[in-house]
Structure formats: structure tokens, C-alpha cells
Amino acid sequence: MSDTPLFKVTIDNITVEVPAGTTILNAARKIGGDVAPPAMCYYSKLQGSGGKCRTCLVEVSKGSEKDPRPMPKLVASCRTTVMDGMEVKNITSPKVLDARAGVVEFLLLNHPLDCPICDQAGECHLQDLSYEHGAEGTRYEFQRRTFKKHDLGPYIQLHMTRCILCYRCVFTADQLTQKREHGVLDRGDHAEIATHIEKSLENDFIGNVIDVCPVGALTDKTFRFKNRVWFLKPMDAHRDCPNCCGKVTLWNRGDEVFRVTARKDEWGEVENTEDGKTAWICNTCRFEKKKTSDWVIEGPRLISRQSVISQGHYAGKIGTTKPHETFSAVHAGRSPKLLMDIHSVSEVNKPEVHLSLIEGPAHSTDFNTKKD
Amino acid sequence: MPVNKNKNMQALTNRAKEVNRKPMSFMESLYLPAIFKGMAITFSHIFKKQPTIQYPEQKRPFSPVFRGLHVLNRDEEGREKCTACGLCAVACPAEAITMEAAERLPGEENKYREEKYAAKYEINMLRCIFCGLCEEACPKDAIYLSETFAPANFTRKGFIYGKPDLLIPDPKTDPEGYEKAKGRNEPTTADN
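Residues numbered from 1 in each chain as written. Chains lettered and ligands numbered in written order. Predicted model: local features only at pLDDT ≥ 70, side-chain atom pairs only at ≥ 80, totals over all residues.

What follows concerns the overall build of chain B. Scanning chain B from N- to C-terminus turns up 7 helices and 5 strands. Order of helices (α) and strands (β) in chain B, N terminus to C terminus: α-α-α-β-α-β-β-α-β-β-α-α. Relative to the compact-globule value of 16 Å for 192 residues, chain B shows a C-alpha radius of gyration of 29 Å, a clear excess of over 25%. Projected onto its principal axes, the C-alpha coordinates of chain B cover approximately 95 × 55 × 30 Å. Scored against the burial criterion, the 192 residues of chain B give a buried share of 24%. Of the contacts formed within chain B by residues at least 6 apart in sequence, a portion of 74% connects residues at least 24 apart. (Helix = DSSP H or I, 4+ residues; strand = E, 2+ residues; numbered from the N terminus. Rg over C-alpha atoms; globule rule 2.2 N^0.38 Å. Buried ≥ 20, exposed ≤ 12 C-beta atoms within 10 Å, placed from the backbone. Contact = placed C-beta atoms within 7 Å.)

Residue and element names in this part refer to chain B. In space, the 3 strands of this open sheet follow the order E2-E3-E5, with antiparallel pairing throughout. Looking along the sheet, the strands with just one partner apiece sit at the ends: strand E2 (97-103) and strand E5 (160-161). Here E2 pairs with strand E3 (residues 116-124) via 7 bridges, running antiparallel. Residue pairing across strands places Ala102 opposite Tyr117, the latter belonging to E3. (Pairing = 2+ DSSP bridges.)

With that out of the way, let us pick up the interface of chain A and chain B. Taken residue by residue, the interface counts 23 residues in chain A and 25 residues in chain B. At 3 residues, helix H9 (residues 364-371) of chain A tops the list of elements feeding residues into the side of chain A that touches chain B. Broken down by class, the residue content of the side of chain A that touches chain B amounts to 13 nonpolar, 6 polar and 4 charged. (Nonpolar A, V, L, I, M, F, W, Y, C, P; charged D, E, K, R; others polar.)

Another aspect to go through is the environment of Thr278 of chain A. All names here are of chain A. For Thr278, the position within the fold is in the loop between strand E12 (256-262) and helix H6 (283-288). Along the sequence, Thr278 and Met83 sit 195 residues apart, while their C-alpha atoms lie 28 Å from each other. Residues within four places of Thr278 in sequence aside, it is in contact with Lys45, Val270 and Asn272.

What follows is about the pairing of strand E1 (residues 6-11) of chain A. Residue and element names in this part refer to chain A. Burial along E1 is one-sided: the face carrying Phe7, Val9 and Ile11 is buried and the face carrying Leu6, Lys8 and Thr10 is not. Hairpin connection of E1 to strand E2 (residues 14-19): 2 residues between the antiparallel strands, including Asp12 at a positive phi of 50°. Sheet topology note: the E1/strand E5 (residues 86-89) ladder contains 3 bridges and is parallel. By the bridge assignment, Ile11 is partnered in E5 with Val88.

Residue and element names in this part refer to chain A. Where helix H2 (residues 94-107) contacts helix H3 (residues 125-133), the axes come no closer than 10 Å and their chain directions differ by 135°. With respect to each other, H2 and H3 are oriented oblique. Here the hand of the crossing between H2 and H3 comes out left-handed. Residues Arg100, Ala101, Val104 and Leu107 of H2 lie in contact with H3, whose contacting residues are Leu126, Leu129, Ser130 and His133. (Axes fitted to C-alpha atoms, helices over the stretch in contact; angles between N-to-C directions. Parallel < 35°, antiparallel > 145°, perpendicular 65-115°, else oblique. Left-handed = near helix turned anticlockwise from the far one by under 90°.)

All names here are of chain A. Under the domain assignment used here, chain A contains domain 1 (6-105), domain 2 (112-220) and domain 3 (229-315). With centres defined by C-alpha atoms, the gap from domain 2 to domain 3 works out at 21 Å. Each side of the interface is counted separately: domain 2 has 12 residues, and domain 3 has 16 residues. Its residues placed into classes, the side of domain 2 that touches domain 3 shows 4 nonpolar, 4 polar and 4 charged. (Domains from an automatic or database assignment.)

Residues and elements named next belong to chain A. The 4 strands are arranged E12-E11-E10-E13 in an open sheet whose pairing can be described as antiparallel. Here the strands that pair on one side only, and so sit at the sheet edges, are E12 and strand E13 (296-300). Within this sheet the neighbouring strands show an average axis-to-axis angle of 35°, counted without direction. Relative to strand E11 (residues 247-253), strand E10 (residues 233-238) runs antiparallel, the two sharing 6 bridges. Looking at the pairing, His238 lines up with Lys247 of E11.

What follows is the structure, encoded as C-alpha cells:
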């Protein structure tokens with residue numbers, strides 16, 4: 001590290017010094033904020049990712065100090081390393097913004113836009129990207145691609161129509177699990193994420209493909225349709241896990257743990273632990289430990305104020321304290337006579353029913369048995 | 001010595017009037033002319049058009065933007081449109097809407113339009129302020145506010161509206177009930 005020379009690079013008129021070999025994207029992330037180009041396929045924690053989605057295109061207006069010619073075309077910032085004295089334009093270049101709007105349109109070309117159904121809605125990178133850079137309507141008039149449904153087992157739900165073929169999940173399976181069992185089959189328009197012959201993905205650590213997926217193509221089947229992310233309160237928690245670091249984010253509603261994910265940083269990537277390793281979590285932590293008693297809760301997770309997740313005003317007070325009834329405390333233990341207990345009427349959120357403990361999504365059968 | 005504040009202070013409006021403290025004249029102290037003058041005004045109103053109507057026998061037409069009871073809509077094939085996306089609940093300023101979602105089973109395609117649907121959907125009409133933000137938030141045109149009132153009730157329990165109360169009748173099997181639930185074109189008997 002010490003013998004690599006530091007390169008000065010100017011991105012959107014902000015100069016930063018980075019070691020040689022850093023990509024433009026990582027240099028921009030070092031500055032942070034709006035300067036960092038969006039990335040759908042690049043994932044800094046996965047070797048070899050990037051270069052596929054083209055959302056991180058930037059304009060290089062000055063190649064380097066020695067060769068100040070601009071690069072003739074927009075370059076993918078996740079794959080282009082910086083040179084000394086390089087000048088890069090991201091949001092200051094209308095060319096880049098125009099190209100990015102085009103890329104978003106291409107990404108959405110075959111996207112079913114079923115956000116009301118999709119479990120990823122609210123934390124979807126494609127949703128954010130299209131809100132920031134996309135057009136209001138679509139110009140596509142043809143049938144969107146459809147796929148034969150693939151069952152990936154009890155843990156992971158695949159929605160191939162939503163996939164943007166970023167290959168992140170393929171790299172994750174390669175680099176984290178013992179054996180990769182899924183991949184991208186076929187070519188071009190027919191390319192799809194699948195196992196060769198119906199196989200369920202059950203390798204340990206395979207659950208991380210859910211966190212890595214930038215869209216709703218791979219989602220948690222144990223959380224499927226259980227709740228919307230913005231009604232849950234994210235809490236940092238840990239447990240003593242023999243397989244992984246055990247540091248996770250719990251997505252609670254009341255005392256129920258609806259979902260367990262890895263902790264994500266501001267770029268939507270899995271955070272590093274204190275010792276510098278990436279905090280991937282194992283399947284047991286992610287899918288099996290759905291009780292608050294399994295976890296040591298550290299406190300509420302900080303969520304961006306702009307995020308819809310911070311809208312969750314149903315979750316009660318964010319934090320570990322529960323709302324309490326003040327009436328009986330004030331009236332010497334007497335309970336109010338005219339207060340209606342909402343659970344005596346309401347069919348929703350019954351205290352004795354725990355949706356989070358149902359395996360897989362709830363069905364009409366789950367709700368019918370409840371009435372008896 | 002007390003200062004007359006009114007003289008020094010600037011009036012906030014020009015509507016303030018000096019109180020007339022002159023003693024009543026003879027005609028005024030008789031009172032009767034003023035009483036007859038008032039009675040004449042009252043009598044003249046008998047011949048004017050009545051602004052009141054005899055509710056509930058007579059009903060006024062609703063304004064086209066009237067926001068009444070919620071209705072969960074079906075599509076033209078009678079399938080429920082709601083997918084339990086939760087946008088109405090997050091948009092609701094009164095936090096009146098709650099729901100629980102479920103996955104559609106094979107064989108239920110004729111009941112629910114999408115793969116995911118609201119197995120439980122509840123609006124607390126005690127909390128609802130009829131602002132119509134749920135209607136605006138809905139991406140599937142599934143919820144809208146009809147032109148009907150929430151009826152009065154003796155207990156609070158009657159104001160928790162579940163899916164059976166909210167769901168519009170199937171337009172294929174019960175077209176009359178479907179039209180009635182929308183509340184449009186209700187016969188109005190008021191003249192205006």
C-alpha cells in the first residue's frame with residue numbers, strides 16, 4: 001500500500017488523492033454524496049463484478065497529466081482505473097446524464113414494474129435509479145420477456161422477470177459457498193438465472209445472494225409477502241454464530257422478527273466488520289433465527305431520512321422500548337371502562353398469530369384456519 | 001392618573017365602532033314599532049323558497065368530489081385488485097389502514113388479480129379523516145372513496161371495517177349491488 005503512488009484525480013471539480021489502481025467509481029465513493037455514480041452490477045466486496053450494467057458511465061474530460069486528451073467515449077467507472085491528473089465529469093456532464101437515462105430505459109425495458117407486489121420495493125436499487133434518472137413513461141410496446149418458473153428451494157424466491165443480469169449472485173455463490181449451483185443459462189434475450197436441473201440452493205452462505213441482488217429477482221422466501229419493509233423497524237443485532245460473524249440487521253415489527261439481513265452500508269453493500277472482513281451472514285442466521293430471544297439487540301439501525309423505510313410510523317417508537325398504556329398508571333391501576341380493545345374487533349395483527357413464524361408466504365389456508 | 005389607552009392606541013381594524021350611549025327617544029322606548037318591523041321581516045320569509053330539505057326522505061346530490069366510505073374495487077372479471085402493497089397505509093395520515101398479505105394459491109386466479117393479495121384489510125373508520133390520500137396512493141386503482149356515508153353506530157366496534165365490509169360486490173354476479181356500492185347516481189329528491 002505504501003509503495004503505490006498516490007494519484008490526484010478530479011471528479012466533478014472535487015480533487016481527491018487515491019492510490020494507483022483505484023477505479024474511478026471507488027475514487028468517487030471516497031468523495032461520497034451525489035458525485036458517486038450509481039452502480040447496479042459492481043459490488044466492491046465481490047471479485048470480478050462490474051462492467052455489465054453501464055449505469056456508472058462517466059465522462060473522462062482529461063485522460064491524465066501526461067496525456068491530457070479526453071477519452072473518446074463514456075467509460076464505465078467501475079472498470080476504469082484512475083490516472084494521475086485525470087479529470088472526470090459525472091453529474092456535471094449532460095452527456096453522462098443523458099446516457100444514464102438511456103441505460104435506465106434499457107434496464108426497465110423488460111422489467112415487469114410490479115413494485116406493488118415485489119418485496120424489494122422500498123430498498124430496491126433499480127427503483128432508486130429509475131426515480132433519479134429514468135423517464136416517466138415507457139416507450140416499449142411489446143410483450144415483456146417471460147420465463148418458466150424455477151423453484152430454488154425453501155429459502156430463496158426467484159423472479160426471473162425482474163432480473164437485470166448483473167451476475168452479482170453468481171460471483172457470490174462462487175466466492176462464498178463451497179459449490180456454485182446456479183448460473184446464467186442461455187444467451188441474449190433468453191439469458192436467465194437458473195440451476196441446470198431443478199435444484200434447490202441450500203449451500204451455506206447462499207442466502208447472501210438476496211442481499212447482493214440489486215433488484216427483487218432473488219428475495220427471501222421466509223419473508224415473502226409477510227410485510228412491507230417500511231412497516232418494519234430495522235435493528236442492529238448480533239448472536240454468537242459458529243459459522244459467520246453473526247452481525248445482522250433484524251427487521252422487526254413489535255417483537256416479531258420478520259426478516260434478517262446483513263448490515264448494509266450507504267452504497268447498499270454488505271458492511272465490513274471491525275476486523276475488515278465483509279459481514280456476510282450464514283443461512284442459519286438469516287433463515288432459522290426468527291425469534292427475538294435468539295438475538296442480542298444493539299439498537300435501532302440508522303436509516304436515511306429520505307428513505308421510505310424511515311416512514312414506518314406503524315412500528316411505534318423506533319428503538320427497543322415498547323409503547324405503554326398510561327391510563328392505569330395514572331388512575332391507580334383502574335383500567336378504562338370505555339376503551340375499546342382493538343384486538344377484540346380487528347382481524348389484523350392478532351397478538352396470538354405470528355405471521356413471521358410461518359414458513360414461506362402466507363396463503364389463504366393460513367388465514368382460514370385462524371378463524372377456528 | 002390613568003391614561004386613556006384607546007386614544008393613544010392605534011386601532012387594529014377599521015370595524016371598531018363607538019358605543020352609542022345616548023338615552024332612548026320616546027319612539028324607541030315604546031319598543032312596539034321595532035317589534036313589528038322585526039315580525040314583518042320574519043313574515044316575509046314564509047313566502048321565500050325553503051333552503052332546508054326533509055332528510056332522510058329527501059336527499060341532496062353529492063358534490064362530484066365527495067369523499068365517502070372506502071370501497072375495495074374489483075376488476076371487470078370480478079377479481080380483487082388490491083395487492084396489499086401498503087402504499088395506502090403508508091400514505092394514511094391518520095394511520096387508519098392495516099393489512100396482511102398472502103400469496104395466491106393455484107386455483108385462486110379467478111379471485112385475485114395478482115400473485116399477492118390482501119388476505120386481511122382493515123380500515124378503522126374512527127381514525128379515518130376521509131382525506132382520500134389512500135385513493136391517490138393506490139397504484140392499482142384498488143381503493144377509492146365512494147359517495148356513501150359511514151352510517152352511525154351505537155358502539156365503536158361497528159367502525160372497524162374489514163374486507164367483507166369494504167369489498168365491492170362482484171360486478172358479474174351482483175351488478176346492482178356493485179352500482180349501489182359505488183354510490184353514484186343515487187336518486188335525489190331535493191329540487192336543487
